[in-house]
Amino acid sequence: MKMDHKLVLATLALLLSVSHGKPLKGDHSGKGQRERRSPGIPEDKDVFSIILEANKGIKEHLMEGDIVVSNSRNAMNCPDNSCFWPKASDGFVYVPYTISSEYSAEEKDIISSAFPAFDVETCIKFKQRTTEKDYINISPQNGCWSNVGKYKGVQQVSLSKGGCVYKATAQHELIHALGFYHEQSRPDRDSYVRINWQYIPADQVSNFYKQDINTLGMPYDYTSIMHYGRDAFSNTTGKFTIVPIPDETVEIGQRIAMSPRDIQKINKLYGCNVCNTLLEETNGSFASQNYPNSYQSNSDCLFQVNHPNSKVLLEFDAFALQSSVGCVSDYIKVYDGSTKSSPVLLDRSCGNVVPPPLLASGSAVLLQFVSDSSITATGFKASYSTVQCGGILTAVSGTLTSPNYPLEYPVNTDCIWIINAPKGYKVSLTISSFDVEYSEDCSYDYLNLRDGPKTTSPVQQTHCGSEPIPSFTSSGNAAVVQFHSDGSDVGTGFSAKYKFVAV
């Protein structure tokens, strides 16, 4: 049977930081060990399982498995706020950091991938240290660990090269550094999970003690990246040390990223007033606040789409913003990258004219939505997807080909070309060469020709195999060419020419 083996990147989690402790001694060192190349945690592991595995050889005691003990200091109950990173006058919390030169460039990239979720969805801004006296040093010491909360001077956050360099483990340890314990340490945890003490070794029992921490009035979060997995510290294979109640099937121990409540807790602890969203799925949608009802006044919101190794395609499904000359009141602005210093992909837009589809040059798009204090409208709704190749074509004529043409195209590839002609013109497309894997229903590899400006426009033709393809002319002034290949069996692909023809 034909299988489609698409590689799903699942890397996530939360940023590391802080530690007063000296480098921990253990039976193994992070140096010289085989590096884990993948930025994603293996599918059969959760974040805390990875951490425990990396920390097996550490001789010094780590509270709850990865917290450096610091004279019983409790960051989550810190009345004078000295345990937390200070908020600047602009409302952001800047956390200076350094990343050790012992990491390779690839490892530094993986660790740095933990930062954007904080930057976009909270008021926490991890910034490279310049002259700050208090800062986090991320280094490959022995195991994965951190202190809880902020300390004076340099704080060590360890991510050993032998098993801790993942986005998710970095985020987990950084959340400790911001002041958080593990979720199941809450004083009210017995109402949500059952601890099976019989499967916990005597010397590990203290890891399951409840802590006198501030829950911030937030609900218990089974999905937190700070939650133990079911078999944490278990002394019996197949037996669980921690089980959700009353529904034992509830999933705990994730491996991907901060949960929505993790983000809410950070924002509540640090008094963040943010309207930011990070979108890391391969496709999805987002909208202005309250859509389809009127959006809020005095908004300044950011939506960042970020997916490694792919281009981001952004399409607008609905658009209604208060109109003004120069769009000085309410507007959206789209950047070709992850920050407002990136090149502008779409300058200020307002009114009721739906913006055209936008294709980023890389793996990130940032949309800024701003409203003033006057009249509001229903706002916008947008969809995004990721593609490996393609483009927005507006020249009067041109050529497009499958990747590597006339050589064989790669497996697991998605390409989108959106051809936009001026009003009063149609798009005429001629395919001169075609060799795409055949299947009876063209469900493996295929070429779709869509009549309209969007990837959801009606499909007029679908082709696979090697038979000649008839010419195609759009009914309006736009057409979409969509190419897909699955995980096996390829051909030389296609070559096509287009031109604009007057109506």
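What counts and what doesn't
Position numbers for residues count from 1 along each chain, tracking the sequence in the order it is written. In keeping with the model being predicted, local features are shown solely for residues with a pLDDT of at least 70 and side-chain atom pairs are shown and tallied solely at 80 or more, while totals for entire chains, interfaces and linings include all residues. Each side-chain value is derived from all of the structure's non-hydrogen atoms; neither hydrogens nor water enter the calculation. Where helices and strands are cited, they refer to DSSP runs of H or I of at least four residues and of E of at least two residues respectively, numbered from the N terminus. Each residue's exposure class comes from its accessible area (1.4 Å probe, protein chains only) as a fraction of the maximum for that residue type: buried when under 20%, exposed when over 50%, partly exposed otherwise. In summary, the charge assignment counts Lys and Arg as positive and Asp and Glu as negative, without counting His or the chain termini. Note on charges: their place is set at NZ of Lys, CZ of Arg, CG of Asp or CD of Glu. The pairing criterion for strands is at least two bridges between them, as found by DSSP. For this analysis, residues touch if any pair of their heavy atoms sits within 4.5 Å. Where helices are involved, their axes are fitted lines through C-alpha atoms of the stretch in contact, as for all axes, and angles between N-to-C directions lie from 0 to 180°. Arc definition: it is the arc formed by the directions from the helix axis to the C-beta atoms. Here, the term disulfide refers to a pair of cysteine sulfur atoms separated by no more than 2.5 Å. By definition, a salt bridge exists where a carboxyl oxygen of Asp or Glu is found within 4 Å of a side-chain nitrogen of Lys or Arg. Under the rule applied, a polar contact is a pair of N or O atoms within 3.5 Å (in protein, one hydrogen donor and one hydrogen acceptor; residues adjacent in sequence only if both atoms are side-chain atoms).

### Side note on the overall build of the protein chain
Inference 1: Scanning the protein chain for helices and strands turns up 5 helices and 27 strands.
Inference 2: Oriented by its inertia axes, the alpha-carbon framework of the protein chain measures out at about 80 × 60 × 50 Å.
Inference 3: Per-residue burial over the protein chain gives 54% buried out of 503 residues.
Inference 4: Of the charged side chains in the protein chain, 43 are positive and 52 negative; the average position of the first set lies 6 Å away from that of the second.

### A look at the sheet that holds strand 6 (residues 144–145)
Inference 1: In spatial order, the strands read 4-3-5-7-6; together these 5 strands make up an open sheet with mixed pairing. Lying at the two open borders of the sheet, with one neighbouring strand each, are strand 4 (124–128) and strand 6.
Inference 2: Bridging between strand 6 and strand 7 (residues 154–159) involves 2 bridges; their strand directions are antiparallel. Its bridge partner being in strand 7, Cys 144 is matched across the sheet by Leu 159.
Inference 3: In this fold helix 4 (residues 167–178) packs onto strand 3 (93–99), strand 4, strand 5 (135–139), strand 6 and strand 7, with an angle of close to 155 degrees to the strand it touches most, strand 7.

### A short note on the sheet that holds strand 26 (residues 478–485)
Inference 1: With mixed pairing, 5 strands are arranged side by side in an open sheet as 19-21-26-23-24. The strands lining the two open edges of the sheet, one partner per strand, are strand 19 (389–393) and strand 24 (459–463). Strand-to-strand twist in this sheet, taken as the mean axis angle between neighbours without regard to direction, amounts to 10 degrees.
Inference 2: With 8 bridges connecting them, strand 21 (residues 413–420) and strand 26 associate as antiparallel partners. Bridging across to strand 26, Cys 415 finds its partner in Phe 483.

### Topic: helix 2 (residues 105–112)
Inference 1: Looking at helix 2, one finds that the buried residues are Glu 107, Ile 110 and Ile 111. The buried residues of helix 2 all sit within an arc of 95 degrees when viewed along its axis, so they share a single face. Those residues of helix 2 that are exposed and angled more than 90 degrees off the buried face are Ala 105 and Asp 109.
Inference 2: Buried residues along helix 2 sit against strand 3, helix 3 (115–121), strand 5, strand 7 and helix 4.

### Observations concerning the pairing of strand 18 (residues 379–387)
Inference 1: Among the 9 residues that make up strand 18, 7 are buried, leaving the element largely enclosed by the rest of the structure.
Inference 2: Here strand 11 (residues 283–287) pairs with strand 18 via 5 bridges, running antiparallel. Its bridge partner being in strand 18, Ala 287 is matched across the sheet by Lys 381.
Inference 3: Relative to strand 18, strand 13 (residues 311–320) is paired through 9 bridges, and the arrangement is antiparallel. Residue pairing for strand 18: Lys 311 is matched across the bridge by Val 387.

### Section: the state of the cysteines
Defined simply, a disulfide is a covalent bond joining two cysteines at their sulfur atoms.
Inference 1: Under the criterion given, the structure shown has 6 disulfides.
Inference 2: Cys 275 shares a disulfide with Cys 301; S-S distance 1.8 Å. One disulfide, between Cys 275 and Cys 301, carries an S-S torsion of 85 degrees and so falls in the right-handed class. Taken as a pair, Cys 275 in the loop between helix 5 (260–269) and strand 10 (276–279) and Cys 301 in strand 12 (residues 300–306) lie far apart in primary sequence, 26 residues in all.
Inference 3: Residue Cys 327 pairs covalently with Cys 350 via a disulfide, S to S 2.1 Å.

### Let's talk about the side chain of Asp 262
Inference 1: Looking at where Asp 262 falls in the secondary structure, it is placed in helix 5.
Inference 2: Here Asp 262 sits buried without a salt bridge, and the closest side chain of opposite charge, Lys 265, lies 5.0 Å off (N-O distance).
Inference 3: Of the polar contacts made by the side chain of Asp 262, one reaches the side chain of Ser 224; its length is 2.7 Å.
Inference 4: Residues in contact with Asp 262, not counting those within four places in the same chain, are Asp 221, Ser 224, Ile 225 and Met 226.

### Topic: the pattern of salt bridges
Inference 1: Under the counting rule described, the total for this entry stands at 12 salt bridges.
Inference 2: Between Glu 53 and Lys 45 there is a salt bridge whose closest N-O contact spans 3.6 Å.
Inference 3: Between Asp 188 and Arg 186 there is a salt bridge whose closest N-O contact spans 2.8 Å.
Inference 4: In this structure Asp 188 comes out as partly exposed when scored by relative accessible area, which is 25%.

### So, unusual backbone geometry
Inference 1: Between Tyr 291 and Pro 292 the backbone carries a cis peptide bond, its omega angle lying at 10 degrees.
Inference 2: Notably, Leu 216 is not glycine yet its phi reads approximately 60 degrees, a positive angle.
Inference 3: Here Leu 216 is to be found in the loop between strand 8 (193–195) and strand 9 (242–244).
Inference 4: Given a relative accessible area of 12%, Leu 216 falls into the buried group.

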